[in-house]
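Structural overview for review
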Amino acid sequence: MGCGFFKLWSQGKLEGIPPPEFNSEEGKDAVIEAGGVYETLFGNHEEKIVYINFVPGTTLEPKAGDQRFVVDAWLTGSYDLDVPKYLIAAASTVEQLKGPLKAKLIVPNP
């Protein structure tokens with residue numbers, strides 16, 4: 001789990017969110033064991049926008065030529081997470097990684 005979020009999380013740099021009790025390799029193994037996909041992305045962070053996705057059961061795939069941060073906010077309901085804390089952690093991650101200051105909300109069709 002070489003992502004910037006995990007690095008900040010494991011170093012206790014996300015206010016109000018205690019660091020995990022596992023390392024990056026254990027996290028990667030848990031994702032794969034649960035049926036998830038672990039992707040290794042290469043290059044520097046060059047994201048131009050943050051997408052905050054509220055559409056249940058969806059995510060946006062990475063695009064090499066059009067990098068973006070994706071926050072799947074709908075997960076907060078699936079895992080009974082604290083919505084403000086989750087979104088503040090996402091914003092903090094982007095800010096600490098010197099990411100974009102532009103966000104777009106993606107909501108379900110009415």
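Data block above holds the structure.
A quick note: this is a predicted structure, and the numbers were derived from the prediction, not measured. (Residues numbered from 1 in each chain as written. Predicted model: local features only at pLDDT ≥ 70, side-chain atom pairs only at ≥ 80, totals over all residues. Heavy atoms only, no water.)

1. Re the overall build of the chain
What the chain contains, in helices and strands, is 4 helices and 3 strands. Listed N to C, the secondary structure of the chain is α-α-β-β-α-α-β in terms of helices and strands. A globule of 110 residues ought to have a C-alpha radius of gyration of about 13 Å, and the chain, at 14 Å, matches this closely. Along the three orthogonal principal directions, the C-alpha set of the chain runs to about 40 × 30 × 30 Å. By the burial criterion, 25% of the 110 residues in the chain qualify as buried. Long-range contacts, defined here as pairs at least 24 residues apart, represent 44% of the contacts in the chain between residues at least 6 apart. With an accessible surface of roughly 8,000 Å², the chain has 57% of that area assigned to carbon and sulfur atoms. Between the averaged position of the 10 positive side-chain charges in the chain and that of its 15 negative side-chain charges there is a distance of 10 Å. (Helix = DSSP H or I, 4+ residues; strand = E, 2+ residues; numbered from the N terminus. Rg over C-alpha atoms; globule rule 2.2 N^0.38 Å. Buried < 20%, exposed > 50% of the residue type's maximum accessible area, 1.4 Å probe, protein only. Contact = heavy atoms within 4.5 Å. Areas by Shrake-Rupley, 256 points an atom, 1.4 Å probe, with all protein chains shown as cover. Lys, Arg positive; Asp, Glu negative; His and termini not counted. Charge placed at Lys NZ, Arg CZ, Asp CG, Glu CD.)

2. Considerations on the sheet that holds strand E1 (residues 50-53)
Within a sheet, each strand pairs with its neighbour through backbone hydrogen bonds, oriented either parallel or antiparallel. Strand order in the open sheet made by the 3 strands is E2-E1-E3, with parallel pairing throughout. Only two strands of the sheet have a single partner each, and these edge strands are strand E2 (69-72) and strand E3 (103-106). The sheet shows a mean angle of 20° between the axes of neighbouring strands, taken without regard to direction. Across the sheet, helix H4 (residues 83-96) is in contact with E1 and E2; its angle to E2 comes to roughly 170°. (Pairing = 2+ DSSP bridges. Axes fitted to C-alpha atoms, helices over the stretch in contact; angles between N-to-C directions.)

3. Notes on unusual backbone geometry
Its identity is not glycine, yet Asp80 carries a phi of approximately 50°, on the positive side. Mapped onto the fold, Asp80 is located in the loop between helix H3 (75-78) and H4.

4. Some points on H4
With 14 residues, H4 extends 20 Å between its outermost C-alpha atoms, agreeing within 8% with the 20 Å of an ideal straight helix rising 1.5 Å per residue. Looking only at H4, the buried set comprises Ala89, Ala90, Ser92, Thr93 and Val94. The N-cap of H4, judged by a side-chain oxygen 3.0 Å from the amide nitrogen of Lys85 a few residues on, is Asp82. Two residues or fewer after H4 comes Lys98, characterised by a positive phi angle close to 60°. (Expected span 1.5 Å × (residues − 1). Polar contact = N/O pair within 3.5 Å; in protein donor to acceptor, adjacent residues only side chain to side chain.)

5. Quick look at the side chain of Asn53
Take Asn53: it is sitting in strand E1. Residue classification places Asn53 among the buried residues on the basis of a relative accessible area of 2%. Not counting chain neighbours up to four residues away, the residues in contact with Asn53 comprise Thr58, Thr59, Val71, Asp72, Ala73, Trp74 and Ile106.

6. With respect to helix H2 (residues 24-33)
Where H2 begins, the capping side chain belongs to Asn23, and its oxygen is found 3.0 Å from the backbone nitrogen of Glu25. In the stretch just after H2, Gly35 is the one whose phi turns positive, near 95°.

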